[in-house]
Amino acid sequence: MNPIIIEHTALKKAAQEGMDTFLKVFTDKYFEVIGGEINETTMPLLNGYQHSLLGYHIFCQEVLEGGFVQLIQNGYAPYIFENPFAKAMRLFGAKPFSKLIYQAKEIYDEHKIALTRECTEEEFMAMYEEFEQFDAIEEAFMEMEEEVTELLAIYVDEHLEDFATIAS
């Protein structure tokens, strides 16, 4: 695994712009290193901390745009639900968020075949009604997203060496 190197000046500038921008410096670098694809070849290029942060970025992007159905249909369910993502979020200090992930995982595990099947656009849209049980979890996440992002930014800032090598 090659070290992920981030320039101190870029990190400092991003931190001044806000916690989302601060975290994005890391996740942009991770995407660059893995060539934008998470697969068997690219998984070993990042450590567990880096995968957890990247998972949060992907989670936010997908769930805030199209909910759990979109996250699952876009192929990210194994990355989120079949890895220790929820446990990592708990260890990073985001316990209520971790619980939401476990709740969503229960629904995913119970309906995995139906949720991951190939489908038309019409069938995809129908899944939102079919799997309404995700709605409350999505709403709860939307209410806590800013707080979770802040917690993760603080955690990353306090444990920089786990997420990247910072170059002067």
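Residues numbered from 1 in each chain as written. Predicted model: local features only at pLDDT ≥ 70, side-chain atom pairs only at ≥ 80, totals over all residues. Heavy atoms only, no water.

### Details of the overall build of the protein chain
- A tally of regular secondary structure across the protein chain gives 9 helices and 2 strands.
- A compact globule built from 168 residues should have a C-alpha radius of gyration of about 15 Å, and the protein chain, at 16 Å, falls within 12% of that.
- In terms of its C-alpha atoms, the protein chain occupies a principal-axis envelope of roughly 50 × 35 × 25 Å.
- Taking all contacts inside the protein chain whose residues are at least 6 apart in sequence as the whole, residues at least 24 apart take part in 68%.
- Charge-centre separation for the protein chain: the mean point of 11 positive side chains lies 9 Å from the mean point of 32 negative side chains. (Helix = DSSP H or I, 4+ residues; strand = E, 2+ residues; numbered from the N terminus. Rg over C-alpha atoms; globule rule 2.2 N^0.38 Å. Contact = heavy atoms within 4.5 Å. Lys, Arg positive; Asp, Glu negative; His and termini not counted. Charge placed at Lys NZ, Arg CZ, Asp CG, Glu CD.)

### Some words on helix α6 (residues 95-116)
- An ideal rise of 1.5 Å per residue puts 32 Å on 22 residues; α6 reaches only 27 Å between its terminal C-alpha atoms.
- The largest bend in α6 is about 70°, located at E110.
- Contact partners of the buried residues in α6: α3 (48-73), α4 (77-81), α5 (85-91), α7 (121-130) and α8 (133-158). (Expected span 1.5 Å × (residues − 1). Bend = angle between axes of the 7 residues up to and from the residue.)

### Concerning helix α2 (residues 19-33)
- For α2, with 15 residues, the first-to-last C-alpha span of 22 Å sits near the 21 Å given by 1.5 Å per residue.
- Maximum bend of α2: about 25°, positioned at V25.
- Here α2 has its buried residues at F22, L23, V25, F26, T27 and Y30.
- Turning to α2, the residues buried within the fold contact β1 (5-7), α1 (8-17), α3, α8 and α9 (160-163).
- One or two positions beyond α2, positive phi appears at G35, with a value near 65°. (Buried < 20%, exposed > 50% of the residue type's maximum accessible area, 1.4 Å probe, protein only.)

### Side note on the confidence of the model for the protein chain
- When the pLDDT values of the protein chain are averaged, the result is 96; 99% of them are 70 or greater.
- Looking at the elements of the protein chain, mean pLDDT is at its lowest for α1, recorded as 94, and at its highest for α5, recorded as 98. (pLDDT = per-residue confidence, 0-100.)

### Let's talk about the packing of α6 against α8
- At a minimum axis distance of 10 Å, the contact between α6 and α8 shows a crossing angle of 145°. Between α6 and α8 the crossing geometry is left-handed. Between α6, through P96, F97, L100, Q103, A104, I107, Y108, H111 and L115, and α8, the contact on the second element is made entirely by Q133, F134, I137, A140, F141, M144 and V148.
- When grouped by side-chain class, the residues that make up the contact of α6 with α8 number 13 nonpolar, 3 polar and no charged. (Axes fitted to C-alpha atoms, helices over the stretch in contact; angles between N-to-C directions. Left-handed = near helix turned anticlockwise from the far one by under 90°. Nonpolar A, V, L, I, M, F, W, Y, C, P; charged D, E, K, R; others polar.)

### Digging into a positive patch on the surface
- Taken together, the side chains of K87, R90, K95 and K99 present a region of like positive charge at the surface.
- Listing elements by their share of the positive patch, those giving two or more residues are α5 and α6.
- Inspection of the secondary structure puts K99 in helix α6.
- The class for K99 is exposed, based on a relative accessible area of 59%. (Patch = residues over 30% accessible without salt bridge, like charges linked within 9 Å, V, L, I, M, F, W, Y side chains within 5 Å. Areas by Shrake-Rupley, 256 points an atom, 1.4 Å probe, with all protein chains shown as cover. Salt bridge = Lys/Arg side-chain N within 4 Å of Asp/Glu carboxyl O.)

### Looking at the environment of I58
- Mapped onto the elements of the fold, I58 is located in helix α3.
- Looking at I58, the relative accessible area reads 1%, which means it is buried.
- Sequence separation between I58 and M127 is 69 residues, and the spatial gap between their C-alpha atoms is 20 Å.
- Ignoring anything within four residues of it in the chain, the contact list for I58 reads F31, I38, L71, Y76 and Y79.

### Things to note about the pattern of salt bridges
- In the structure shown here, the tally under the stated rule is 6 salt bridges.
- Close ionic contact of K29 with E32 constitutes a salt bridge, the shortest N to O distance being 3.4 Å. Here K29 and its partner E32 are both found in helix α2, 3 residues apart, which amounts to about one turn of the helix.
- K29 sits in the partly exposed class, given a relative accessible area of 23%.
- The residue K105 makes a salt bridge to D109 at a minimum N-O spacing of 2.7 Å. Note that K105 and D109 are positioned in helix α6 at a spacing of 4 residues, about one turn of the helix.

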